[in-house]
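Working through the structure, step by step
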Amino acid sequence: RRGRKSTSNKEAEQKLATLAESREFREILVNGSADANTKQDQVLTNLPTNAKKGKAGRWEKRRGRKPGPKRTEEEIAKIRLERKMKKERILAEGGVWPPP
């Protein structure tokens, strides 16, 4: 009987009622599904299995960027001027700012 498609709504309602009143369904409600009883839950993590306590693992280390070169105020002013000129040139040519 299991797995057959119903040919009408009435037949579908009867099958659903039969299933809802069945012993199997009551057991599933009380105990959970059969698969849950036979298999244990597994915890999925990316943590290394051999990590020592108190020590950061390979993926837990904080990785920061290397700091850029220190610029003088004159260098910063020169870079800003170059960027300003570039922006004005792009806008004068009918371009869009900021560029996509």
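Above this note sits the structure.
Below, the structure is looked at part by part. (Residues numbered from 1 in each chain as written. Predicted model: local features only at pLDDT ≥ 70, side-chain atom pairs only at ≥ 80, totals over all residues. Heavy atoms only, no water.)

1. Points about helix H2 (residues 23-31)
Looking at where H2 begins, the residue whose side-chain oxygen comes 3.2 Å from the main-chain nitrogen of Phe25 is Ser22. Phi turns positive, to about 90°, at Gly32, one or two residues after H2. (Polar contact = N/O pair within 3.5 Å; in protein donor to acceptor, adjacent residues only side chain to side chain. Helix = DSSP H or I, 4+ residues; strand = E, 2+ residues; numbered from the N terminus.)

2. Re the side chain of Ser22
As for its position among the elements, Ser22 is in the loop between helix H1 (9-20) and H2. Judged by relative accessible area, which is 18%, Ser22 ranks as buried. Looking at Ser22, its side chain comes within polar contact range of the main-chain oxygen of Leu19, at 2.7 Å. (Buried < 20%, exposed > 50% of the residue type's maximum accessible area, 1.4 Å probe, protein only.)

3. Considerations on the pattern of salt bridges
Taken as a whole, this structure holds 2 salt bridges when the rule is applied. Here Arg23 makes a salt bridge to Glu27, at a shortest N to O gap of 2.6 Å. Pair noted here: Arg23 and Glu27 are both in helix H2, with a separation of 4 residues, about one helical turn. Accessibility expressed as a relative area gives 58% for Arg23, which makes it exposed. (Salt bridge = Lys/Arg side-chain N within 4 Å of Asp/Glu carboxyl O.)

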